[in-house]
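So you can see what is in the structure, the chains are spelled out below.
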2 protein chains.
Amino acid sequence: MSKKICIALDAMGGDHGPAIVIAGAALALERHPNLTFAIYGKEQAVLPVLEQHPLVRERSTFLHTEVAVNMDDKPSVALRQGRWKSSMWKAIEAVKKGEAAACVSAGNTGALMAMAAFCLRTMAKIDRPALAALWPNVKGESVVLDVGASIGADAQHLVDLAVMGSSMARIVFDIEKASVGLLNVGVEEIKGVEEVKAAGRILREANLPGLAYAGYVEGDDIGKGKVDVVVTEGFSGNIALKTAEGTAKQIAEYLRAAMSRSFMSKIGYIFARGAFRALKEKMDPRRANGGVFLGLNGVVIKSHGGTDALGFAAAIDLAFDMVDHGLLEKISETLNAYHGQPDAGSLKPERAELPSP
Amino acid sequence: MSKKICIALDAMGGDHGPAIVIAGAALALERHPNLTFAIYGKEQAVLPVLEQHPLVRERSTFLHTEVAVNMDDKPSVALRQGRWKSSMWKAIEAVKKGEAAACVSAGNTGALMAMAAFCLRTMAKIDRPALAALWPNVKGESVVLDVGASIGADAQHLVDLAVMGSSMARIVFDIEKASVGLLNVGVEEIKGVEEVKAAGRILREANLPGLAYAGYVEGDDIGKGKVDVVVTEGFSGNIALKTAEGTAKQIAEYLRAAMSRSFMSKIGYIFARGAFRALKEKMDPRRANGGVFLGLNGVVIKSHGGTDALGFAAAIDLAFDMVDHGLLEKISETLNAYHGQPDAGSLKPERAELPSP
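Residues numbered from 1 in each chain as written. Chains lettered and ligands numbered in written order. Predicted model: local features only at pLDDT ≥ 70, side-chain atom pairs only at ≥ 80, totals over all residues. Heavy atoms only, no water.

**Student:** What's the story with the overall build of chain A in this structure? I'm lost.
**Tutor:** A tally of helices and strands in chain A yields 15 helices and 11 strands. The globule rule puts the C-alpha radius of gyration for 357 residues at 21 Å, and the 21 Å found for chain A is close to it. Each principal axis of the C-alpha atoms in chain A carries an extent, and together these give about 60 × 55 × 45 Å. Across the 357 residues of chain A, 58% fall into the buried class. Across chain A, contacts joining residues at least 24 apart in sequence account for 73% of those joining residues at least 6 apart. (Helix = DSSP H or I, 4+ residues; strand = E, 2+ residues; numbered from the N terminus. Rg over C-alpha atoms; globule rule 2.2 N^0.38 Å. Buried < 20%, exposed > 50% of the residue type's maximum accessible area, 1.4 Å probe, protein only. Contact = heavy atoms within 4.5 Å.)

**Student:** I would appreciate a short explanation of helix α13 (residues 309-324) of chain B in the present structure.
**Tutor:** One turn of an α-helix holds 3.6 residues; hence residues three or four places apart share an orientation. Residue and element names in this part refer to chain B. With 16 residues, α13 should cover 22 Å at 1.5 Å per step; its first-to-last C-alpha distance of 22 Å lies within 8% of that length. With 12 of its 16 residues buried, α13 lies for the most part within the structure. Where α13 is concerned, the buried positions are Ala309, Gly311, Phe312, Ala313, Ala314, Ala315, Ile316, Asp317, Leu318, Ala319, Phe320 and Met322. Measuring from the backbone nitrogen of Leu310 back to the side-chain oxygen at the start of α13 gives 3.2 Å, which picks out Asp308 as the cap. (Expected span 1.5 Å × (residues − 1). Polar contact = N/O pair within 3.5 Å; in protein donor to acceptor, adjacent residues only side chain to side chain.)

**Student:** Would you mind going over the relation of the copies chain B and chain A with me for this structure?
**Tutor:** Each of the two chain copies goes to the other by way of a rotation about an axis and a shift along it. For the pair chain B and chain A, the superposition axis carries a translation of 0.0 Å, the fit reaches an RMSD of 0.0 Å, and the rotation angle comes to 180 degrees. These values place the two chain copies in the arrangement generated by a two-fold rotation axis. Using C-alpha coordinates, one finds that chain B approaches the rotation axis most closely at Gly268 of chain B, a distance of 1.9 Å. (Least-squares fit on C-alpha atoms with pLDDT ≥ 70 in both.)

**Student:** I'm lost on the sheet that holds strand β7 (residues 178-183) of chain A in this one. Help?
**Tutor:** Residues and elements named next belong to chain A. Within the open sheet, the 11 strands sit side by side as β3-β2-β1-β4-β11-β10-β5-β6-β9-β7-β8. Their pairing is mixed. Only two strands of the sheet have a single partner each, and these edge strands are β3 (60-64) and β8 (211-217). Sheet twist, expressed as the mean angle between neighbouring strand axes with direction ignored, is 25 degrees. Bridge count between strand β2 (residues 35-41) and β3: 5 bridges; the pairing is parallel. Its bridge partner lying in β3, Ile39 is registered against Phe62. (Pairing = 2+ DSSP bridges. Axes fitted to C-alpha atoms, helices over the stretch in contact; angles between N-to-C directions.)

**Student:** Would you mind going over the environment of Ala248 of chain B with me for this structure?
**Tutor:** Residue and element names in this part refer to chain B. Note on placement: Ala248 falls in helix α10 (residues 234-259). Under the relative-accessibility criterion, Ala248 is labelled buried at 18%. Ala248 sits 86 residues away from Ala162 along the chain, and the two C-alpha atoms are 27 Å apart.

**Student:** How do you make sense of the packing of helix α1 (residues 18-31) of chain B against helix α2 (residues 43-52) of chain B when you look at a structure like this?
**Tutor:** Geometry of a packed helix pair, given as the angle between the helix axes and the separation of the axes. Residue and element names in this part refer to chain B. Interaxial distance between α1 and α2 falls to 9 Å at its minimum, and their mutual angle equals 40 degrees. Crossing of α1 against α2: the hand is right-handed. Counted together, Pro18, Ala19 and Ile22 of α1 and Ala45, Val46, Val49 and Leu50 of α2 form the full contact between these two elements. Residue composition of the contact of α1 with α2, by class: 7 nonpolar, no polar and no charged. (Left-handed = near helix turned anticlockwise from the far one by under 90°. Nonpolar A, V, L, I, M, F, W, Y, C, P; charged D, E, K, R; others polar.)

**Student:** Help me understand the interface of chain B and chain A in this model?
**Tutor:** Where the parts come together, the accessible area they lose is often given as the size of the interface. Every contact between the two is made by 62 residues of chain B and, on the other side, 62 residues of chain A. Across the chain B/chain A interface, buried area totals approximately 5200 Å², and carbon plus sulfur atoms make up 73% of it. For the chain B face of the interface with chain A, the top three residues by lost area are Phe235, Tyr254 and Phe271 of chain B, together amounting to 13%. Here chain B and chain A share 2 salt bridges between them. Between Glu218 of chain B and Lys242 of chain A there is a salt bridge, and its shortest N-O distance comes to 2.2 Å. Counting every contact that joins chain B to chain A gives 8 residue pairs in polar contact (both at pLDDT 80 or more). Mapped onto the side of chain B that touches chain A, the elements with two or more residues apiece are α4 (75-82), α6 (109-120), β5 (130-136), α9 (219-224), α10, α11 (263-271) and α12 (273-282) of chain B. Looking at the side of chain B that touches chain A, the element that brings in the most residues is α10 of chain B, giving 19 residues. (Buried area = accessible area lost by both parts, 1.4 Å probe. Salt bridge = Lys/Arg side-chain N within 4 Å of Asp/Glu carboxyl O.)

**Student:** What should I look at first to understand α10 of chain B in this one?
**Tutor:** The terminal C-alpha atoms of α10 of chain B lie 37 Å apart, and with 26 residues this matches the ideal 38 Å at 1.5 Å per residue to within 8%. Capping of α10 of chain B at its N-terminal end is provided by Glu233 of chain B; its side-chain oxygen lies 2.9 Å from the backbone amide nitrogen of Phe235 of chain B.

**Student:** Just checking my understanding: could you explain the confidence of the model for chain A for this structure?
**Tutor:** Regions with low pLDDT carry predicted coordinates that are not meant to be interpreted in detail. Confidence along chain A averages 88 in pLDDT terms, with 90% of residues attaining 70 or more. Confidence over residues 341-357 of chain A falls short of pLDDT 50; this stretch has 17 contacts with residues more than four positions distant or in other chains. (pLDDT = per-residue confidence, 0-100.)

**Student:** Could you clarify how one ought to interpret the pattern of salt bridges in this entry?
**Tutor:** Side-chain pairs of opposite charge can arise where the charged atoms are in close proximity. Residues and elements named next belong to chain B. Overall, the coordinates contain 20 salt bridges over all chains when judged by the stated rule. In this structure, Asp317 engages Arg31 in a salt bridge whose closest nitrogen and oxygen atoms are separated by 2.9 Å. With Asp317 in helix α13 and Arg31 in helix α1, this residue pair connects regions lying 286 residues apart in the sequence. Among the residues examined, Asp317 registers a relative accessible area of 15% and is labelled buried.

**Student:** Looking at this structure, I do not really get the nonpolar core. What am I missing?
**Tutor:** One broad rule of soluble globular proteins: the nonpolar side chains tend to lie buried together. Ranked by internal contacts, the top residues of the largest apolar core, which has 111 residues, are Leu9 and Phe37 of chain B. In terms of residues, this core owes the most to one element, helix α7 (residues 155-172) of chain B, which gives 10 residues. Leave out the neighbours within four places in its chain, and Leu9 of chain B touches Val21, Ala25, Phe37, Ala38, Ile39, Tyr40, Ala91, Val104, Phe312 and Ile316 of chain B. Ile92, Met123, Phe293 and Phe320 of chain A belong to the second largest nonpolar core, which has 110 residues in total. (Core = buried A, V, L, I, M, F, W, Y, C linked by side-chain atoms within 4.5 Å.)

**Student:** Help me out: how do you make sense of unusual backbone geometry in this one?
**Tutor:** Trans is the prevailing form of peptide bonds, just as negative phi is the prevailing case for residues other than glycine. Residue and element names in this part refer to chain A. Here the amide bond leading from Leu145 into Asp146 is cis, since omega sits at 0 degrees, within 30 degrees of zero. Topologically, Asp146 is positioned in the loop between β6 (141-145) and α7 (155-172). Of note in the backbone geometry, Asn207 takes a positive phi value of approximately 50 degrees without being a glycine. The topology assignment puts Asn207 in the loop between α8 (194-206) and β8. Among the residues examined, Asn207 registers a relative accessible area of 58% and is labelled exposed.

**Student:** Hey, could you run me through the packing of aromatic side chains in this one?
**Tutor:** Where two aromatic rings form a pair, the distance of their centres and the angle of their planes describe that pair. As enumerated under the stated definition, the model contains 6 aromatic pairs over all chains in all. On the numbers, 6.4 Å between centres and 70 degrees between planes, the contact of Trp84 of chain A with Phe118 of chain A is edge-to-face. With Trp84 of chain A in the loop between α4 (75-82) and α5 (87-96) and Phe118 of chain A in helix α6 (residues 109-120), the pair connects residues that are 34 residues apart, well separated along the chain. A centroid spacing of 5.0 Å and a plane angle of 70 degrees characterise the contact between Trp84 of chain B and Trp89 of chain B, whose relative ring orientation is edge-to-face. Classification of Trp89 of chain B by relative accessible area gives buried; the value is 2%. Of note, Arg83 of chain A hangs over the ring of Phe118 of chain A, and the distance from its end group to the ring centre comes to 4.7 Å. A cation over an aromatic ring shows up here: Arg121 of chain B above the ring of Phe118 of chain B, its NZ or CZ 5.3 Å from the ring centre. (Phe/Tyr/Trp six-rings, centres within 6.5 Å; stacked < 30°, edge-to-face > 60°. Lys NZ or Arg CZ within 6 Å of the ring centre and 35° of its normal.)

**Student:** Looking at this model, I keep getting lost on the sheet that holds strand β2 (residues 35-41) of chain B. Mind explaining?
**Tutor:** The strands making up a sheet are joined through hydrogen bonds of the backbone, oriented either antiparallel or parallel. All names here are of chain B. Read from one edge to the other, the open sheet built from 11 strands follows the order β3-β2-β1-β4-β11-β10-β5-β6-β9-β7-β8, with strand pairing classed as mixed. Pairing within the sheet leaves two strands with one partner each, and these edge strands are β3 (60-64) and β8 (211-217). The average undirected angle you get between the axes of adjacent strands in this sheet is 25 degrees. In the sheet, β5 pairs with strand β10 (residues 291-294) via 3 bridges, with the strands oriented antiparallel. Following the sheet pairing, Ala130 is matched in β10 by Leu294. Along the sheet, α1 contacts β1 (5-10) and β2; its crossing angle with β2, the most-contacted strand, is approximately 175 degrees.

This is the structure we're talking about:
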């Protein structure tokens, strides 16, 4: 049997808490029997659910935590109140201490990002972490980042995003080289996208391992699956993601209205029920559940807050793949090829050179 | 009969040129019998089509222009080669000269923007023009701007966008007061959206006539129709628009695949054909065709390049409404209420105060 991989779980995160977290762990365990879990949460909430999943209980350690981060806490409040002691913090800290290989939480995105960045710190040569989404397209899926971990990006940060995104894509899609596009607007020659242009020049010239730079892409190229990885700064990335979600819901609404408008269409619906089920499954956000925080000294996966056990299991699967295929090592290797420095684990040169305060 | 309104038409713009422009004019004329047209284009291309539409010919002036702007010309090239003499330039110039009340072109967006800005200049107190889109949502439509006229925006420009967008929305939706949301990301307390926050403070305090500030909206609120007007800077606006278009195509593709996957689903499709036709019509981009350039001393409408006569007619309708309901006056009034200066037509104070070079 292959080596054990321990995943730390924040049992209190998400809209449904331990019920879906533990049930999700049970599903993931069926697919990956070498998984173990470090579970953090309130014992009165978690232990009864663990009773129902004896296999998970057997393969887990559990630690009671008194504090749970609320879904609507501001990141600063969550950090002040939940640091050192919340289930979310403890799950992240398990990664820092090396007790777990990755952490999964369905909790408050901003809080998770703030705590993960505070606890794990960014990797050498990476200035800011990023949040990457798995985005369904007509061909399959692509990795889109940054979808909201930070706002604005200079050329260097866009290159870092390309490196991190391509490393993730190589694992998730099981490919040697990931094609990378920079998100841009179609109107040429307008001012203000200098950083995108500069990043494009760097990526073209650097010819990094595992990364095939494919030029600019536009918003409508994401759904076409034109590239494996779409790179943009966090403001526009977050807006693109939310806009696509909104458009999908809007069209589902149109479709529902259209199918119930007449007797004939209702009959048609009955005949085509299987087709609609397939469509619904295709559009099911649970299948591609989980954002990945990239650029930290550890693997941290954000599961959708409203997800069920199936979705949470998909997020655990993602964490498993990232660990099993060495996400952090892949990022470091590509960064080193770029910087020409083989000392992956050392301090960032620019940080080391800073005068002490 | 009400007063005549003359619209200048660039007959050479778009993928299909005069064929759809003149046919579109004929359709618009049926709805608005007081329209007249000033048509610009190559005589060998335009005159044969005008022969087929005697009513349009009767209600139009025509001027031969030797130069036509290509759909893929860079704006700088188009401006260099097409200024003073192209059909696009002549149509814009007719507005400047007061010979036409508005201009409609299905041509190259970047070129149209560059020429319109160069020829018409921005309105007093407006620094940069904007491109506004009519965006379908589950309740109807909303105005979204800027979708790509310029990149980046400080708080002042975002406020200008709110003023211009609400003026347009009041006309298109025939409402007294338009609700306005600022597009933002959901993650609170992250750096870099200071200009959005500052614009929000200004809009809340200014309490402008015809504009009800509704706070921040996120990408998924656009499709919900949460507000009449969604304001954002041009990079994220363009990406949101293109992403929504891409998502709509992607889902249409899924739907097509789902409906042809089995014998049963094909039968269902036959029964529900009327429903699918209604859905297709709902998603038809021609129905809401036409971006509006806002902030210029004149009404300039961009029709979709690939549109047909029906779509081009919708763009003419839009131009008609903007003129008939005094778009420029509405913008000026609101700007004056904001600046507290009743001298709408005067030079921008900040420009007047600049030392001469």
